[in-house]
Amino acid sequence: MWRRVVSLSSFISSSRTSFVAQTASRLNTCESLTTGIAQQAKGVIAPKEKTPFITFVLGGPGSGKGTQCIKIVETFGFTHLSAGDLLRREIASNSADGAMILNTIKEGKIVPSQVTVKLIQKDMESSDNDKFLIDGFPRTEENRVSFDQIISVEPNVVLFFDCPEEEMVKRVLNRNQGRVDDNLETIKKRLQVFEALSLPVINYYSQRGKLYTIKAIGTEDEIFEQVRPIFTAFELHAAG
Ligand SMILES: Nc1ncnc2c1ncn2[C@@H]1O[C@H](COP(=O)(O)OP(=O)(O)OP(=O)(O)O)[C@@H](O)[C@H]1O
Ligand SMILES: Nc1ccn([C@H]2C[C@H](O)[C@@H](COP(=O)(O)O)O2)c(=O)n1
Ligand SMILES: [Mg+2]
């Protein structure tokens, strides 16, 4: 679970009064500290939550998001949550939303945000990790707002794999993983959706200084060498 106890400091009150008052305050502090720990142990009050490190991974269909996520996981220890994979898992498990999700994906359209965000939330909450790569999300402004409302955590990093359309189409048609949306007709629709609905989200994060654009052409290793320094810089920053 990424809900972890991080600090007991909120139990400690500061006081700038007289010595007597300060001593009394210290005694109270000790008492409330002990009470606080005891209450947490009994589950009376919720533990403080550690904010997870969130990376959104964006780019058009076939731009190489999933491929690079595997390398980021290996090198930096993130947990990879692919929105598309979570939705395909729902289809495979014959869940109540399965048929609706399958039709939406076949049409190259976007599944209602509530459904996708709930799946992401479930996997985040059952993970021991606190570093998440959320791949293929948010695809729309509605996705972005829904994540903000339900999960209430801002992304630390937003990666954008910028790839020429021609190259994306070639890669998707060669992918050979039996995906129902890997055909020319659906790819054209997905590219339109990307331009109309996903580019505004990319611009949103660019304006907020969170966007890291990767030129997604070249070998997989060459592309990863553009990704690596982004996370290395964050690690150095975190280590002080
Ligand atoms: N740099 C690259 N050069 C050539 N082929 C690549 C490169 N990176 C990935 N591929 C291949 O392109 C195909 C699409 O890659 P990938 O599945 O990672 O894309 P994606 O962005 O996750 O696509 P989608 O949004 O459709 O899930 C895969 O078959 C993958 O092996
Ligand atoms: N946020 C998302 C992510 C994915 N989908 C649907 C529609 C996509 O075409 C399909 C495949 O996703 P991919 O594996 O290419 O990331 O899944 C969605 O509706 N909302
Ligand atoms: Mg993918």
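Each value, and the rule that gives it
Residues numbered from 1 in each chain as written. Chains lettered and ligands numbered in written order. Predicted model: local features only at pLDDT ≥ 70, side-chain atom pairs only at ≥ 80, totals over all residues. Heavy atoms only, no water. UniProt positions renumbered as here; feature names shortened; annotations may be inferred. Helix = DSSP H or I, 4+ residues; strand = E, 2+ residues; numbered from the N terminus. Buried < 20%, exposed > 50% of the residue type's maximum accessible area, 1.4 Å probe, protein only. Polar contact = N/O pair within 3.5 Å; in protein donor to acceptor, adjacent residues only side chain to side chain. 1 Å grid on protein atoms, 1.4 Å probe; cavity = no way out; pocket = protein on both sides within 12 Å on 5 of 7 lines; lining within 4 Å. Points joined across faces, edges and corners; volume = space filled by probe spheres on them. Pairing = 2+ DSSP bridges. Core = buried A, V, L, I, M, F, W, Y, C linked by side-chain atoms within 4.5 Å. Contact = heavy atoms within 4.5 Å.

Per an unreviewed UniProt entry, the protein chain carries the name UMP-CMP kinase and comes from Hibiscus syriacus. The protein chain has a UniProt comment under Function (unreviewed entry) that states "Catalyzes the phosphorylation of pyrimidine nucleoside monophosphates at the expense of ATP. Plays an important role in de novo pyrimidine nucleotide biosynthesis. Has preference for UMP and CMP as phosphate acceptors." Looking at the Sequence similarities (unreviewed entry) heading of the UniProt record, one finds this comment for the protein chain: "Belongs to the adenylate kinase family. UMP-CMP kinase subfamily."

Peer 1: Go over the UniProt feature "binding site: CMP" (unreviewed entry) in the protein chain, please, and point to the residues and values.
Peer 2: As annotated by UniProt and renumbered to match this structure, "binding site: CMP" (unreviewed entry) occupies Asn 143. By secondary structure assignment, the location of Asn 143 is in helix α6 (residues 141–150). Residue Asn 143 is classed as buried on the basis of its relative accessible area, which comes to 3%. A polar side-chain atom of Asn 143 sits 2.9 Å from the main-chain amide nitrogen of Arg 139.

Peer 1: Give a detailed account of empty space enclosed by the protein, specifying residues and quantitative values.
Peer 2: On inspection of all chains with the given rule, the structure shows two cavities of 30 Å³ or more. Taken as a whole, the largest cavity holds about 60 Å³ of empty space. Lining of the largest cavity is provided by Phe 56, Arg 144, Phe 147, Asp 148, Val 153, Glu 154, Pro 155, Tyr 204 and Tyr 205. Going through the elements one at a time, α6 and α8 (184–207) are the ones with two or more residues in the lining of the largest cavity. Of all the elements, α6 adds the most residues to the lining of the largest cavity, at three residues. Estimated volume of the second largest cavity: approximately 40 Å³.

Peer 1: How would you summarise the pairing of strand β1 (residues 53–59) if you had to cite specific residues and measurements?
Peer 2: With seven of seven residues buried, β1 is to be regarded as a mostly interior element. Burial along β1 is two-sided: Phe 53, Thr 55, Val 57 and Gly 59 facing one way and Ile 54, Phe 56 and Leu 58 facing the other are all buried. Relative to strand β3 (residues 131–135), β1 is paired through five bridges, and the arrangement is parallel. Residue pairing across strands places Phe 53 opposite Lys 131, the latter belonging to β3. In this structure, β1 lies alongside strand β4 (residues 157–162), joined through five bridges in parallel fashion. Note that in β4 the partner of Val 57 across the bridge is Leu 159.

Peer 1: I'd love a proper account of the nonpolar core, names of residues and values included.
Peer 2: By size, the foremost hydrophobic cluster in this structure holds 30 residues, and its most contacted members are Phe 56, Ile 120, Met 124, Ile 134, Phe 137 and Phe 147. Sorting the residues of this core by element identifies β1, α3 (83–92), α4 (98–106), α5 (113–125), β3, β4 and α8 as the ones contributing at least two each. Residues in contact with Phe 147, not counting those within four places in the same chain, are Ile 54, Phe 56, Val 117, Ile 120, Ile 134, Phe 137, Ser 152 and Val 153. Counting 23 residues, the second largest nonpolar core, distinct from the first, contains Ile 72, Val 157, Val 172 and Ile 187.

Peer 1: Summarise the UniProt feature "binding site: a ribonucleoside 5'-phosphate" (unreviewed entry) in the protein chain; cite the residues concerned and give the values.
Peer 2: Under the UniProt annotation, the feature "binding site: a ribonucleoside 5'-phosphate" (unreviewed entry) is placed at Arg 88, Lys 109, Ile 110, Val 111, Gly 136, Phe 137, Pro 138, Arg 139, Arg 179 and Arg 190. Residues that both appear in the annotated list above and line the second largest cavity are Gly 136, Pro 138 and Arg 139. Mapped onto the elements, Arg 139 comes out in the loop between β3 and α6. Among the residues examined, Arg 139 registers a relative accessible area of 25% and is labelled partly exposed. Looking at Arg 139, its side chain comes within polar contact range of the main-chain oxygen of Gly 136, at 2.9 Å. For Arg 179, the position within the fold is in the loop between α7 (165–173) and α8. The contact partners of Arg 179, leaving out residues within four places of it in the chain, are Arg 88 and Arg 190.

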